[in-house]
Structures are given as structure tokens and as C-alpha cells.
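Architecture at a glance
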Amino acid sequence: MTDMLRTLCTIDGTSGHEDAVRDYIIAHLPTDCEHRTDALGNLIVFKKGKSRAKNRVMLAAHMDEVGMIVTHIDADGYLKFTTVGGITPGVLAGRTVRFANGTVGVLGIKPIHLTSKSEEGDLPSTDKMYIDIGAVSKEDAETVVALGDVAVFNEAFMPLGEHKVCSKALDDRMGCFALLQLLNEETSADAYFVFTVQEEIGLRGASTAAFQVAPDYAIVLEGTTAADLPDAQDEKKVCIQGNGAAVSFMDRSTLYPPKLYKLAMQLAKDHNIPVQTKTMVAGGNDAGAIHKAGAGVQVLTVNVPCRYIHSGSSVADMRDFDSVIELTRLLLGALADV
Amino acid sequence: MDMINDLRRLCTAVGVSGNESEAAAVAKELLSQFTSDIRTDALGSVIGTVGTTGPRIMLEAHLDQIGMIVTAVDEKTGFVRFDRCGGTDRRVLAAERITIHGEKDIPAVIISTPPHLLDKADENKSLPFDKLAADTGLSAEEAQKYIHPGDRITVNPRFEVLRNDRVCASFSDDRAGVLTVLRALEILQNTDHGCQIIAVFASQEETGGSGAKTASFGVEPQEAIAVDVSFAAAPDTSDIHTHLGKGTMICFAPGLSADMSRTLVCLAKEKDIAYQCEVAGRSTGTDADDIAISRAGVKTGLLSLPQRNMHTGVEIIDMKDIEATAQLMAAYIIHRGGQRND
């Protein structure tokens, strides 16, 4: 089962360059569904369930991941870049990145031996960083890289411990994987499954997708930040890895309808599905765009807690993923018939 | 020798200071192409002798790599606390993948502070070692079973061939130096060089040079050339004027033999070997410092491989510089062997 997740995470797909992710998903859709790709690249899939839905329900996950885009190539062949989506300097310095054509670049840093006591421990900001592909001149670099080319973290997918996985792009290939898994089983009711583009640069794909689908209800499946780390205060942990699906009541982009939040918690309780509240008003996701689409949509977000999100090595617990799948399955049926 | 493949094998072998045995095994295997007279001393340095007569010249590189060492395993959460072992750079550790060499090798990820917990002012600050922890994905019980204080930790090695013979190889400090010594032995293999060469791959350089100190006492060379890495210019370095791919770096320093440094320059010119000069005002910060004052003193030279991003997982070296350095070492051996016959 994790082979599919492994492949999904390994495919490159920074915002605006989701094609390869979409191609993979299309290739793995069941035969009993209809799909189309819209102008921005959103993949919209409709699947009939056991019953005709009273309400139009949309499930969404985003295909794009954070990465880097080349903005300048200097005379010595170093590439300047800006991040696509939010990436902090600490998870970039000293790592390698990979371009679509296989070119590998290095994010170097001035050796610690050459830093002064006063700057000890300080990282350069991303605008001071550069990608080193071993080129000796601008012309040399330009034989393999052009302005506007995008790169991703050059990290493999790996299991961690008994239940966890470590990879780039768990945000939100976890959600894509969940949708694919639900699509490949018999669903309780008709529903739209939407794989969106450009979430990381401002929820852009979800806004146009929701406009077209015009759902009554939407469930966003996301990887959200888990800060259950040593030295973190309890109230700032957001959610705890291993404690189940994390359901949001509010984040920086959305106020979730209380009755939907309560419905999710109640369903989980009734069916013994591990669930937790996403406790901090932090982050945002496609729900922020979906709830404002058309005449308005009632939304819910069900999260897989991810540690070290937006790095090349985010970590998720597959038991939480399983809870997300179980809860979403029930929510789909419930919202279709509310 | 298949230089890229041998470099890969050397750089990906584990050998944090004080526990170099896996790297030593690879080094020994490669060394056995040139001699069967190989031993490991009390501190773990690998010593191989080639030739039985002539001046005793030691060619040295250090075997150990920087890493980390486990200090505690949290009883409740299983998070592993650690400190550095050698000059590991904490700035490059957030969300970095590592291996804890416990009762078995345990993969782990170092924690990274999520942006919502960072004040804007702290975004460019890295956590000090006592605030870092490793996440193994294991339960506290399992983590405690396999991981104990004193276990070494290494960053998972990267090995990527870049453009223009450049290679991004974690721990090329100083496994690339080990490869350089081996390549010099290969160049000298079928020559009548006239020297007794002692190849030394020293332990514990990164933690203070104990390996080179004791190995050179044991070897008792007449002269020595050490090879290590040194700084190559990059966009964020200032006052570094040595470059990747521009040749071996011949060091001039008060503690080194000026005579040897000059001879190395003359030989590089004569044999048309690419070189650049590096000058240190005091110590060199390499094993050469300890070798030079071994026993009654050893005439010592230092050749360095220019390197970018030293002490990170993305150290970059240029294969051309390894070749130039090996050629110059070999030229020096032939020169010294020839002097004897004069």
C-alpha cells in the first residue's frame, strides 16, 4: 500500500508544475469514474456511489508541493532562486535539490570555521542562498538550467520506525493518496474528488475548482503541522502524531462551521476512530478558498499530523492516515445525506 | 582505481572520531592493492608500508569523520538527545536525516522548529545542540532498547556527481584525502621510487589529532606529507582566494617545513601539476601540526584539496584536484628517492 504513497511523494510537482502528479493519479483512477482537467490543471473526478447524494459533496487534496524556482544565473554559474511556497532557511542550508532533467544542485553555506562568534548559529536568509550545480560559468550552467526552472528537495521516501514514513511532499500527497484510496473502493454516495493545483502559493487551484464543482459541502484532506516536539509548550503543539485524524475548528484561512466540526468529532467517537482537535489557529489550506467559492460552501478539514512539514524530511504516522481515511469515508456518507 | 566508485565507498563508510572501524575496513581493502604490510594501531589508525629501503616518508590523511554522539534517550517520548562529536555544524541539522549507530542502525530525523513556533527574528537562528533531538519513529521503549548514550550518529551521506568533475560528497573531509594517498600509491606502483612509503590513515583528527600524534610516533618517519581539505571560494566566503578545480593547495605555514613547501612548488612547476598556494599564519588546523612535532621532529608538508561547504553534508570537491595532489605527492616521493641514489 505504501508503494503508491512512496511514488506519489517521489514525483516532482512544485506549484504550477503538477503535471506529473496528475498523470500518475489519472493512471490510477478506477474505470467507474469520470474525470477532466481544467484550465489551471486541477483534476476533477466524479464517482457514483452506492446511493444518489442529496447534497453535492466535494473532497479535495492538493497535488503541488513546495520547492524552489531559479530567478538568476550569475557569471560564475551559481543559481539564485526564490522559494515556491514557504520554506525556512534551516531546512534548505546544506541540502541538495533536484531539477526535472535530473540535474542536482547543492545549497551551500559558508563553513562554520569562517563564521564569526557573533554570527554563530545564524543562517543566511533564503535570498542570500544559491544553488551550486558545479558549473564554472553562466554559459556552462545554462546548458542544463534556465530561468524559471523549478527544483524539489532531493530526498527519498523512507519508512521510520514501525508506523511512520519520512519524505518530501507528504503535504499533501498524503491527501492525494487518501483520495485515490477512497476512489478505488465502493463509496457510499456520489461525490466529486478534486486534486487541486497551486495550494502552496495561495490556494489558487481550489478556488477555480470549487467554482466549477459548486459543492454544498467540501472536505479538505491535508497534511498539517504537528509540533509535538521536545521543548514545545503543550498549547503550541497543534496536534499530536499518533493521536489520530486532526480536525480543525479554525485556521488562518477558514472558520469551520461548528456543526460540521461537531459532526466529525461525533462520528469518530461513535465509530471508535482516533481523532483529535487541531488546537492552534495556525496555517491555512484549500478550505480557505473553497468556502468562499460561488455562493459559499460549508467546509471541513481533516488532517494528517506531519512533523517537519515543508522540509525534505517531513514525518507522518500511517495510523493517523488510516484514521483520516476512516473518518472521511463516514463524513462523505453523512454530508451527502444531511 | 575507479576513483569515483572508490570515493563513494570511502565517503559512505561510517567512521566517526573514536570509532572508525567501518571506514578503516574499506581503507584497508583499498590499501591492500598496494601492500600486504598493513596494521591498525591502538587508536584505530590504519598503517600500510610500501617498499623496504630508502627514506621513510609518511603520506597521511585522516580517517575519521565528524558526527554526533547520543547523550540521552527520553523515557517518555523516545526523542534522542545528542551532542556533537567533532565540529559538526548545527546550522544544517534541522529536518536532516541521520543514522544512529546503536545496537543496530536506526534511521532518524532531527527535529525542526515549525514556522508557527518561530518569532520572525528567530527564523534565521539554528537550535543549539542541547535543544536538538532525533526523532526515530520508535516508541520510547523500543528507542531505549536499541539506543544508548555514547552511540555515534552520522548524517546520512550524500554522494552526487555534479558538473565539471565536481562531486558533492559528505565526509570528503577527509576520505577524499585517503583516496588521494591511495591514488599516489597507484601512480608509484610500477616505478622505482626508492622510498619506503608509510601510508597512514589516522583516527581522531576531528577531535584533536590523537590518531596522527600516536601513529607518527609509532611510524617514526623521516618526512611526512599530510593531505586534508581546505577552503575553496564560494559566493558567501570573503578572503578565500583558493578555488575548486585550480589544483592542489600547497601550504606555507610556520610549523611546516618551508624547504618542503618550496620543493613541492618547484616540482609542481616542473611537472606541470596545477597548484595554488595557501598560507597559514600559525597552525594549519590539520594533522600536519601534530606530525611535525612527533618524537624529535619530522619535516612535514601539507597539501590540501580545495573544498566548499566544509563540515556540512554537502561538501564539494573536484576530482581534478585529487589527481593533481596525488601526482604531486608521487613526484615528491620520486624526487626524494632519486636524491638518495645521487
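It should be emphasised that the depicted structure is a prediction, and the values quoted were computed from it without experimental measurement.

With 64 residues of chain A at the interface, the matching set in chain B holds 54 residues. For the pairing of chain A and chain B, the buried interface totals around 4900 Å² over both sides, and the portion due to carbon and sulfur atoms is 57%. Of all residues in chain A, the largest losses of buried area upon contact with chain B belong to R95(A), P230(A) and Y308(A), amounting jointly to 11% of the total for that side. The interface formed by chain A and chain B includes eight salt bridges. Here D140(A) and R163(B) are joined by a salt bridge, their closest N and O atoms 2.5 Å apart. Secondary-structure elements contributing two or more residues to the side of chain A that touches chain B are strand 7 (104–107), strand 10 (158–160) and strand 11 (164–167) of chain A.

What follows is about the packing of helix 1 (residues 3–12) of chain B against helix 4 (residues 172–188) of chain B. Residue and element names in this part refer to chain B. Packing of helix 1 against helix 4 leaves a shortest axis separation of 9 Å and a crossing angle of 135°. On the basis of their axis angle, the class for helix 1 and helix 4 is oblique. Crossing angle aside, the handedness with which helix 1 passes helix 4 is right-handed. In this structure, helix 1 contributes M3, D6, L7, L10 and C11 to the contact, and helix 4 contributes S172, R175, A176, V178, L179, L182 and R183.

Residue and element names in this part refer to chain B. If you look at the biggest cluster of nonpolar residues, it comprises 59 residues, and the most contacted ones within it are L7, L59 and F201. Tallying contributions element by element places helix 8 (residues 319–341) first for this core, with nine residues. Setting aside residues up to four positions removed in sequence, F201 forms contacts with A27, L31, S45, V46, A61, L63, V178, V181 and L182.

Below, the discussion takes up the domain arrangement of chain A. Residues and elements named next belong to chain A. Domain parsing of chain A yields domain 1 (2–65 + 168–336) and domain 2 (67–153). The centre of domain 1, based on its C-alpha atoms, is set 31 Å off from the matching centre of domain 2. Listed per partner, the contact involves 13 residues of domain 1 and twelve residues of domain 2. A combined buried area of about 940 Å² lies between domain 1 and domain 2, and 63% of that area is made up of carbon and sulfur atoms.

What follows concerns the environment of A226(B). Residues and elements named next belong to chain B. With respect to the helices and strands, A226 occurs in strand 13 (residues 223–231). Given a relative accessible area of 2%, A226 falls into the buried group. A C-alpha to C-alpha distance of 8.2 Å links A226 and S304, two positions 78 residues apart in sequence. Setting aside residues no more than four positions away along its own chain, A226 makes contact with E60, A288, I291, G301, L302 and L303.

Next up on the list: the pairing of strand 1 (residues 33–37) of chain A. Consecutive residues of a regular strand have side chains that alternate between opposite faces of the sheet. Residue and element names in this part refer to chain A. Pairing of strand 1 with strand 2 (residues 43–47), which is carried by five bridges, proceeds in the antiparallel orientation. Bridging from a neighbouring strand, T37 pairs with L43 of strand 2. The turn joining strand 1 and strand 2, which pair antiparallel and follow one another in sequence, is formed by five residues; a positive phi near 110° is taken by G41.

Another aspect to go through is the environment of L264(B). Of note, L264(B) is situated in helix 6 (residues 258–270). Residues in contact with L264(B), not counting those within four places in the same chain, are I225(B), I250(B), L303(B), L328(B) and Y332(B).

Moving on, we get to the sheet that holds strand 12 (residues 196–202) of chain B. Residues and elements named next belong to chain B. Read across the sheet, eight strands follow the order 1-2-12-3-13-16-14-15 without closing on themselves; strand pairing throughout is mixed. Each edge of the open sheet is held by one strand with a lone partner, namely strand 1 (38–40) and strand 15 (275–279). Strand-to-strand twist of the sheet, defined as the mean angle between neighbouring strand axes without regard to direction, takes the value 25°. Pairing geometry for strand 14 (residues 248–252) and strand 15, over five bridges, is parallel. Directly across from I250, in strand 15, lies its bridge partner C277. Helix 2 (residues 21–31) contacts strand 1, strand 2 (46–50) and strand 12 of the sheet and is inclined by roughly 5° relative to strand 2.

Okay, helix 5 (residues 210–219) of chain B next. A turn of α-helix holds 3.6 residues, and therefore any two residues three or four places apart point the same way. All names here are of chain B. For helix 5, the set of buried residues is G211, A212, A215, S216 and V219. One face of helix 5 carries all of its buried residues, which in axial projection span an arc of 115°. Lining the buried residues of helix 5 we find strand 1, strand 2, strand 3 (56–62), strand 12 and helix 7 (288–292).

Quick notes on the rules
Residues numbered from 1 in each chain as written. Chains lettered and ligands numbered in written order. Predicted model: local features only at pLDDT ≥ 70, side-chain atom pairs only at ≥ 80, totals over all residues. Heavy atoms only, no water. Contact = heavy atoms within 4.5 Å. Buried area = accessible area lost by both parts, 1.4 Å probe. Salt bridge = Lys/Arg side-chain N within 4 Å of Asp/Glu carboxyl O. Helix = DSSP H or I, 4+ residues; strand = E, 2+ residues; numbered from the N terminus. Axes fitted to C-alpha atoms, helices over the stretch in contact; angles between N-to-C directions. Parallel < 35°, antiparallel > 145°, perpendicular 65-115°, else oblique. Left-handed = near helix turned anticlockwise from the far one by under 90°. Core = buried A, V, L, I, M, F, W, Y, C linked by side-chain atoms within 4.5 Å. Buried < 20%, exposed > 50% of the residue type's maximum accessible area, 1.4 Å probe, protein only. Domains from an automatic or database assignment. Pairing = 2+ DSSP bridges. Arc of directions from axis to C-beta.

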